[in-house]
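Examination of the molecular architecture
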Amino acid sequence: MDETLVTSSEPPPSDGDPMDVVTEPHNPNDNQSASSSDSDSESDDEAQAALELQTLETELSTNPANYDAHVQYIKALRKQGDIDKLRLAREAMSELFPLTPAMWQQWANDEISLTLTSGNEGAIPTVEKLYERGVSDYLSVSLWYDYLSFIQKYDSSVRECSPSGISKARDLFERALTACGLHVTEGCKIWEAYRGYEEVILDGMDKTDSELREKQVQRIRSIYHRQLSITHSDLKSTLLTYKTWESKHGNTLDVSSSNTDGLSPQVASTYQKALEMLTLRADFEEKIVKSDETDTECLQSFMAYLKFEQSSGDPIRVKSIYEPRVKSLYERAITEFPISSDLWIDYTNYLNKTLKADKTLRDIYNRATRNCPWVGELWVRFMLYLERCHSSEKELSDVFERSLQCTFSTIDEYVDIFLTRVDGLRRRITFAKELDNGLDFVLIRDTFQRASDYLSPQLKNSNTYSLLQIHSYWARLESSIGKDITAARGVWESLLKNSGSMIEAWKGYISMETEMAHIKEARSLYKRCYTMRFPGTGSEDICNSWILFEREFGSLEDFDHASQKVAPRLQELQLYKLQQETDQVEDPPKRNRREKRKAASDAAPNEHEHPPAKRQKDKANKVEKPGENEAKIKNPTPEKPKLYTDKCTAFVSNLNPKANEEELRGFFSDVGGAGEIRILKDKLTKKSRGLAYVDFCDDAHLEAAVAKNKQTFLGKKLTIVRSDPKGKRKVSFGDDRNSTKQGRDDTNSGEHGHKKVELKGKNTFAVPRNVRPLGWSGGNEPPSAATSTTATAEGGDEKPKSNQELRNMLLNKK
């Protein structure tokens with residue numbers, strides 16, 4: 001039972017027996033002590049209550065969506081008796097959440113006890129509005145019953161059965177039957193109350209006016225017949241009550257029997273059908289009212305019951321005073337499980353199939369989004385329903401704005417809501433015969449802009465498809481409806497700025513330009529993106545796509561130019577692919593050192609095995625077996641290809657440590673042709689060292705990049721030069737990676753085929769200008785001009801000088 005509103009600080013009277021009062025005399029000091037103790041206790045309680053209220057007010061000010069805090073705040077204000085704050089608190093909660101039937105009953109009872117008990121009939125409309133709001137939130141037979149009782153008790157026109165009062169009461173009873181008259185277990189309460197009110201009207205009629213009284217009797221009989229034709233738990237007792245009532249009005253019926261003897265064939269037939277339907281539903285009703293069932297089991301029982309009702313083939317009679325049994329059962333389930341999103345989705349899906357654009361669905365969709373505001377699908381269905389009903393732009397805009405104030409669990413739900421709003425605007429602008437006042441393409445553009453601003457940070461790394469979908473749709477509408485190709489290009493450029501590494505964005509942009517026959521602009525886009533590195537086979541796809549584009553739309557010069565540009569790029573991509581495949585080849589498993597040692601010690605001695613010294617000597621004088629060299633040639637050891645050649649690479653220094661690759665790419669965007677960017681980082685700290693390499697597609701772009709030397713970037717003046725890492729090495733041996741090791745062996749240095757030698761350093765003076773360096777013979781000429789001239793003059797090969805010969809030459813020269 002609900003607690004009553006406390007309006008006085010006086011304690012309630014004692015419920016104890018008067019005989020329990022102690023009659024023995026007490027010490028006055030004891031009374032004073034007890035009084036002081038009670039006062040202190042009350043003071044502590046008041047302080048505790050004030051602290052609780054302050055805490056709840058603070059919580060609601062920072063988090064108004066806290067449902068439990070609203071409930072506790074209202075409960076605390078009822079205890080305190082602050083009616084003004086209590087009303088405000090209830091209104092605040094009602095704006096955010098639907099209130100339960102019990103909360104509406106409590107609110108109405110509080111208002112009745114505060115206003116109407118003192119004879120203030122002016123407060124009747126206020127209480128009526130509370131009941132109206134309450135019955136619109138959830139299906140509640142008890143709340144409807146309280147509402148009907150309130151009207152009959154406090155509305156004088158209804159109480160006195162005036163014509164206006166009778167009309168008002170009948171309309172309210174019919175509404176109550178429409179809402180919950182099909183409730184199997186509790187709906188009979190409304191039917192009985194309706195018959196009872198009509199009996200009061202009959203009793204108040206003039207007994208001499210037989211015609212009027214007979215008309216009223218027929219009205220009551222009609223209510224009985226309607227009740228006997230529907231399925232409810234008190235069907236048999238209603239039949240007995242009806243027989244008794246007919247007997248009082250001159251019809252002889254067997255009131256002790258539950259058969260249909262004496263009833264009209266039509267009433268008997270509908271009653272038997274209702275009784276059969278009740279038998280089929282008895283098990284379902286028993287399962288959903290079991291007190292020992294968990295919430296999950298109860299919800300499953302409701303869903304099974306609903307599935308049975310939907311398959312029973314009951315026709316939907318929308319214009320009848322009855323709502324279909326399926327809808328009534330859904331409302332019962334919603335009352336029990338108001339925040340079950342699956343239940344609301346199933347409910348609205350059923351109504352879409354049966355009632356479609358019926359205006360009564362607006363309230364149901366509104367309730368669904370109030371109970372489950374975090375479900376994006378419900379908001380989408382709500383907006384589509386309003387569009388089918390040709391609702392005004394203001395109503396559609398209000399629902400859209402309400403949806404954006406909610407928090408959804410996935411980013412796809414936000415995307416779906418934005419796109420649904422754009423879809424509706426597009427259809428109404430394109431197909432509507434008469435546009436709503438204020439409906440313009442600017443609304444579409446603003447919606448897309450809001451979607452881009454809000455969703456781009458979330459979609460950039462998680463859902464690139466949705467980001468592409470929004471921008472491609474936006475650009476298409478800008479060109480088709482907005483007739484602004486510049487704005488459409490701006491949409492694509494905005495997408496490339498945020499997601500330039502997404503190949504689909506480039507393809508979509510190029511496709512738009514191609515479809516509009518803007519060949520020059522499409523070609524320009526290919527030139528901007530063919531050097532970029534896209535994931536997977538994207539880079540190859542864009543290069544091949546450019547060739548195909550020029551084949552279909554370009555001249556022969558355009559085709560040759562594209563082929564010349566993409567050929568090195570495709571070769572580089574092929575080398576990179578080969579390198580990746582080589583890296584994936586796993587090395588044979590290596591045995592650990594202990595296993596090797598054990599295997600060597602356990603091996604059986606071979607009588608033909610040579611001692612260690614002999615083995616090393618044989619190894620030095622090893623002669624290759626016939627065919628061994630051929631095998632090596634046929635199966636050479638794969639050499640990792642070199643990806644970056646440094647031929648068109650810029651070296652950047654004095655770089656801001658906070659700069660990333662995208663920002664650096666943007667710095668060179670005016671130059672174009674930038675490819676891979678490698679920012680050097682410390683191995684331990686992983687922080688930028690302020691150095692970077694930037695690859696360019698050709699020398700022209702590289703020279704333009706070097707021209708930006710000493711320009712300021714992120715607050716630091718950059719130093720940009722052509723990268724030349726080979727010039728920093730003391731000795732370069734061409735492309736043979738093993739030549740460094742081989743060149744150290746003076747005895748084997750004559751047949752290695754070196755192409756270039758650069759001698760630099762402090763020991764260069766020891767080599768005479770007219771003597772070839774050691775290790776060169778035959779046609780392998782060193783780079784020194786003097787050496788080359790001497791060799792030509794002497795003709796043929798010259799045997800390398802020994803160290804002693806070199807010393808003698810130096811002494812003779814002196």
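Residues numbered from 1 in each chain as written. Predicted model: local features only at pLDDT ≥ 70, side-chain atom pairs only at ≥ 80, totals over all residues. Heavy atoms only, no water.

**Brief notes about the packing of aromatic side chains**
One pair of aromatic rings is described through two measures. These are the centre distance and the angle between the planes. For the structure shown, the criterion picks out 33 aromatic pairs. Ring centres of Tyr330 and Tyr347 lie 4.7 Å apart, and the angle between their planes is 15°; on these two criteria the pair is classed as stacked. Taken together, the positions of Tyr330 in helix H14 (residues 325–336) and Tyr347 in helix H15 (residues 341–354) put the pair 17 residues apart, joining distant regions of the chain. For Tyr347, a relative accessible area of 0% translates into the label buried. Residues Phe400 and Phe418 carry aromatic rings whose centres are separated by 5.8 Å and whose planes lie at 75° to one another, so their mutual orientation is edge-to-face. Here Phe400, found in helix H18 (residues 393–404), pairs with Phe418, found in helix H19 (residues 411–431); they are 18 residues apart in sequence, far enough to count as distant. For Phe400, a relative accessible area of 2% translates into the label buried. Here a set of aromatic residues connected by ring pairs shows up, and it is made of Tyr131, Trp144, Tyr147, Phe150 and Tyr154. Its guanidinium or amino end placed over the ring of Phe667, Lys708 lies 4.3 Å from that ring's centre, counting from NZ or CZ. (Phe/Tyr/Trp six-rings, centres within 6.5 Å; stacked < 30°, edge-to-face > 60°. Helix = DSSP H or I, 4+ residues; strand = E, 2+ residues; numbered from the N terminus. Buried < 20%, exposed > 50% of the residue type's maximum accessible area, 1.4 Å probe, protein only. Lys NZ or Arg CZ within 6 Å of the ring centre and 35° of its normal.)

**Description of helix H9 (residues 188–203)**
The terminal C-alpha atoms of H9 lie 22 Å apart, and with 16 residues this matches the ideal 22 Å at 1.5 Å per residue to within 8%. Turning to H9, its buried residues number three or more, namely Cys188, Ile190, Trp191, Ala193, Tyr194, Arg195, Tyr197, Glu198, Ile201 and Leu202. (Expected span 1.5 Å × (residues − 1).)

**Some details on the packing of helix H12 (residues 265–288) against helix H13 (residues 295–311)**
Direction vectors running N to C along H12 and H13 enclose 160°, while the axes themselves pass 9 Å from each other. Comparing the axis directions of H12 and H13 gives the class roughly antiparallel. H13 is crossed by H12, and the crossing has left-handed handedness. Facing Leu280, Arg281, Phe284, Glu285, Lys287 and Ile288 of H12, the residues of H13 in contact are Cys298, Ser301, Phe302, Ala304, Tyr305, Phe308 and Glu309. Residue composition of the contact of H12 with H13, grouped by class: eight nonpolar, one polar and four charged. (Axes fitted to C-alpha atoms, helices over the stretch in contact; angles between N-to-C directions. Parallel < 35°, antiparallel > 145°, perpendicular 65-115°, else oblique. Left-handed = near helix turned anticlockwise from the far one by under 90°. Contact = heavy atoms within 4.5 Å. Nonpolar A, V, L, I, M, F, W, Y, C, P; charged D, E, K, R; others polar.)

**Thoughts on the pattern of salt bridges**
If you walk through the whole model with that rule in mind, you get 35 salt bridges. A salt bridge links Arg226 to Glu174, with the nearest nitrogen and oxygen atoms 3.2 Å apart. On the criterion of sequence distance, the pair formed by Arg226 in helix H10 (residues 210–228) and Glu174 in helix H8 (residues 163–180) is long-range, its members being 52 residues apart. For Glu174, a relative accessible area of 22% puts it in the partly exposed group. Across the salt bridge formed by Arg332 and Glu285, the nearest N and O atoms sit 3.0 Å from each other. (Salt bridge = Lys/Arg side-chain N within 4 Å of Asp/Glu carboxyl O.)

**Some remarks on the confidence of the model for the chain**
Mean pLDDT over the chain stands at 78; residues scoring 70 or higher make up 72%. Counting interchain partners and residues more than four positions distant, the pLDDT-below-50 stretch residues 6–26 has six contacts. Predicted confidence is poor over residues 593–645, with pLDDT under 50, and the contacts of this stretch with residues over four places away or in other chains come to 24 contacts. (pLDDT = per-residue confidence, 0-100.)

**Quick look at the environment of Leu114**
With respect to the helices, strands and loops of the structure, Leu114 is situated in helix H4 (residues 101–116). Separated by 31 residues in sequence, Leu114 and Ile83 place their C-alpha atoms 9.0 Å apart.

**Focus: the side chain of Glu478**
With respect to the helices and strands, the residue Glu478 is situated in helix H21 (residues 464–480). When its relative accessible area of 1% is taken as the criterion, Glu478 is described as buried. Once you skip the residues sitting within four places of it in the chain, Glu478 turns out to touch Phe441, Arg445, Lys483, Asp484, Ala487, Ala488 and Val491.

**Notes on the packing of helix H6 (residues 141–154) against H8**
At a closest axis distance of 11 Å, the pairing of H6 and H8 adopts a crossing angle of 175°. On the basis of their axis angle, the class for H6 and H8 is roughly antiparallel. Where H6 abuts H8, its residues Val141, Trp144, Tyr147, Leu148, Ile151 and Gln152 lie against Lys168, Leu172, Phe173, Arg175, Ala176, Ala179 and Cys180. A class-by-class count of the residues in the contact of H6 with H8 yields 10 nonpolar, one polar and two charged.

**Some details on the pairing of strand E3 (residues 688–696)**
Across four bridges, the pairing between strand E1 (residues 649–653) and E3 is antiparallel. The residue bridging Thr649 from the neighbouring strand is Asp695, located in E3. Pairing of strand E2 (residues 674–681) with E3 involves five bridges; the strand directions are antiparallel. The residue of E3 that forms the bridge with Ile677 is Val694. Adjacent in sequence and paired antiparallel, E2 and E3 are bridged by six residues, among which Lys686 carries a positive phi angle near 60°. (Pairing = 2+ DSSP bridges.)

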